[in-house]
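Listed here are the chains, written in short residue letters.
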Amino acid sequence: MAFPITFNPTLATLPVYQPGRPIEEVARELGIPAADVIKLASNENPLGPSPLALAAVQKMLPQAHLYPDGNAFHLKQKLADQLGVTPSHLILGNGSNEIIEFVGHSVMAPGVDVVVSQYCFAIYPIIARMAGANLITVPARAYGHDLRAMLRAITPATRVVFVANPNNPTGTVAPREQVVELVNGVPDHVLLVMDEAYIEFLDDAVDLLPLLRNNVRPNLVLMRTFSKIYGLAGFRCGYGIGHPEVIKTWEKVRQPFNINSLAQAAAHAALDDREHLQRTRHNNREGLALFEKTLRELGLEFVPTPTNFIMIKVGDGQRVFGELQKRGVIVRPMGGYQLPEFIRISIGTPAENRRCLDALRAIVGK
Ligand SMILES: *Cc1c(COP(=O)(O)O)cnc(C)c1O
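Here is what the cut-offs are and how they apply
- Residues numbered from 1 in each chain as written.
- Predicted model: local features only at pLDDT ≥ 70, side-chain atom pairs only at ≥ 80, totals over all residues.
- Heavy atoms only, no water.
- Domains from an automatic or database assignment.
- Contact = heavy atoms within 4.5 Å.
- Buried area = accessible area lost by both parts, 1.4 Å probe.
- Salt bridge = Lys/Arg side-chain N within 4 Å of Asp/Glu carboxyl O.
- Near = heavy atom within 4 Å.
- Polar contact = N/O pair within 3.5 Å; in protein donor to acceptor, adjacent residues only side chain to side chain.
- Areas by Shrake-Rupley, 256 points an atom, 1.4 Å probe, with all protein chains shown as cover.
- 1 Å grid on protein atoms, 1.4 Å probe; cavity = no way out; pocket = protein on both sides within 12 Å on 5 of 7 lines; lining within 4 Å.
- Sits in = over half its atoms within 2 Å of the grid points.
- Points joined across faces, edges and corners; volume = space filled by probe spheres on them.
- Helix = DSSP H or I, 4+ residues; strand = E, 2+ residues; numbered from the N terminus.
- Nonpolar A, V, L, I, M, F, W, Y, C, P; charged D, E, K, R; others polar.
- Buried < 20%, exposed > 50% of the residue type's maximum accessible area, 1.4 Å probe, protein only.
- Pairing = 2+ DSSP bridges.
- Right-handed = clockwise from strand over helix to strand, strands pointing away.

Peer 1: I'm lost on the domain arrangement of the chain in this one. Help?
Peer 2: Interface size, as often reported, equals the accessible area lost upon joining of the parts. Examined at the domain level, the chain breaks down into domain 1 (9-48 + 274-364) and domain 2 (63-270). Of note, the centres of domain 1 and domain 2, computed from C-alpha atoms alone, are 25 Å apart. With 32 residues of domain 1 in contact, the opposing surface of domain 2 contributes 29 residues. Summing both sides of the interface, domain 1 and domain 2 together bury roughly 2500 Å²; the carbon and sulfur share of this comes to 65%. Between domain 1 and domain 2 we count one salt bridge in total.

Now the structure itself:
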């Protein structure tokens, strides 16, 4: 008998997002202790959360019977101070993934064009298709976004352009002059969403905040997250920075208490932990250098990146992913991104990096 419920037709061919595999799940499958498995699959901070964040969460626990501050006053205030914007430029999301949903709810509909790049972050197409919007995928250039071609792809029906800079999964960074060209060239009727999930790892990032401080680009929004450099992925907290009119509209489409009180406390404290941030940057720089050196020795091609992950050409990505997993190392196969020859590995602690690279060496046999 056919299933009796009629689902929205846009959902029929919608894929389920495939996240990095959890340590516990892989350990269960291999029949080994979870402590023997390492995960370098989701670009998490290998040093863990900021100690200041953990202390703040402990302090917040006895308040868990109360609803969180739905407006996240203290967190928004601190973010606004650090970014040099006002709280009216800010909205928080349950991870920046939720900000992508706000984009969907506010400007996507059937008949609307959404422009993305080949090899873009998987959630943009999912949200676009969920909304029944028309997805325009612009071919990548050397694994990165071709921003000039993306500009040319804009039509009168285009409402959104998504650009992750740096991009995940490829780790590429768009050239500064092309970012400037893009920001200046996107027509006023098109929302330009710049996803800056990894911007804190860059030494020379293009700073788009001045354009938001003065409200001179009402169609520009930035997305950032506490999941990556701040090490708070489990708390689910990200934020959007945009014109107050955009933010006001997004406030209408979010859940009233989308950021729980522990996440608010953690994020607030993490913003003060400069030391944790510096240690994370340092660990990442050293780890990346070791990966690059070892990959050259192994004769494996990779896409250069300043981020906390690296995409590596291994031939049969699914096979190497499986072989690494057998050795207790979880990475990400890239077949779902139409990059079947690649795997993506997040930079870990020095010990994790060595273990991962030793396993990779054993597999590729050099
Ligand atoms: C990780 C990531 C995000 C955000 O993740 P959240 O945990 O939802 O904040 C957003 N964009 C890109 C490109 C990412 O890699």
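What follows continues from the structure just given.
Peer 1: Just checking my understanding: could you explain the site of the ligand for this structure?
Peer 2: If you check the shell around the ligand, you find Gly-95, Ser-96, Asn-97, Phe-121, Asn-168, Asp-195, Ala-197, Tyr-198, Thr-225, Ser-227, Lys-228 and Arg-236 and nothing else. Here Thr-225 contributes a side-chain N or O atom positioned 2.5 Å from an oxygen atom of the ligand. At 2.6 Å from an oxygen atom of the ligand is found a side-chain nitrogen or oxygen belonging to Ser-227. Contact with the protein chains covers 95% of the free accessible surface of the ligand, which is 390 Å². A majority-of-atoms criterion places the ligand in the second largest pocket.

Peer 1: Looking at this model, I keep getting lost on the layout of surface pockets. Mind explaining?
Peer 2: To find the voids left in a structure, one rolls a probe of water-molecule size over its atoms. The space that makes up the largest pocket amounts to roughly 610 Å³. Surrounding the largest pocket, 26 residues form its lining, Pro-15, Ala-122, Gly-336, Tyr-337 and Gln-338 being those nearest its centre. Elements with a contribution of two residues or more to the lining of the largest pocket: β3 (113-117), α5 (123-130), β4 (134-138), α12 (317-326) and β11 (332-333). At three residues, the largest contribution of residues to the lining of the largest pocket is made by α5. Of the residues that constitute the lining of the largest pocket, the class distribution is 15 nonpolar, eight polar and three charged. Counting contributing residues, the lining of the largest pocket receives three or more from each of domain 1 (9-48 + 274-364) and domain 2 (63-270). Space inside the second largest pocket adds up to approximately 520 Å³. Lining of the second largest pocket is provided by 28 residues; of these, Tyr-17, Ser-42, Asn-97, Lys-228 and Arg-236 occupy positions nearest its centre.

Peer 1: Explanation requested: the pairing of β3 in the structure shown.
Peer 2: The two faces of a sheet get side chains in turn, since along a regular strand they alternate between them. Burial within β3 is extensive, with five of its five residues counted as buried. Residues Asp-113, Val-115 and Ser-117 of β3 are buried on one face, and the alternating residues Val-114 and Val-116, pointing to the opposite face, are buried as well. Alignment of β3 against β4, held across five bridges, turns out to be parallel. Within the sheet, the bridge partner assigned to Val-115 lies in β4 and is Ile-136. After leaving β3, the chain enters α5 and then returns to the sheet as β4, a path that is right-handed. As judged from the three bridges shared by β3 and strand β5 (residues 158-164), these two strands associate in the parallel manner.

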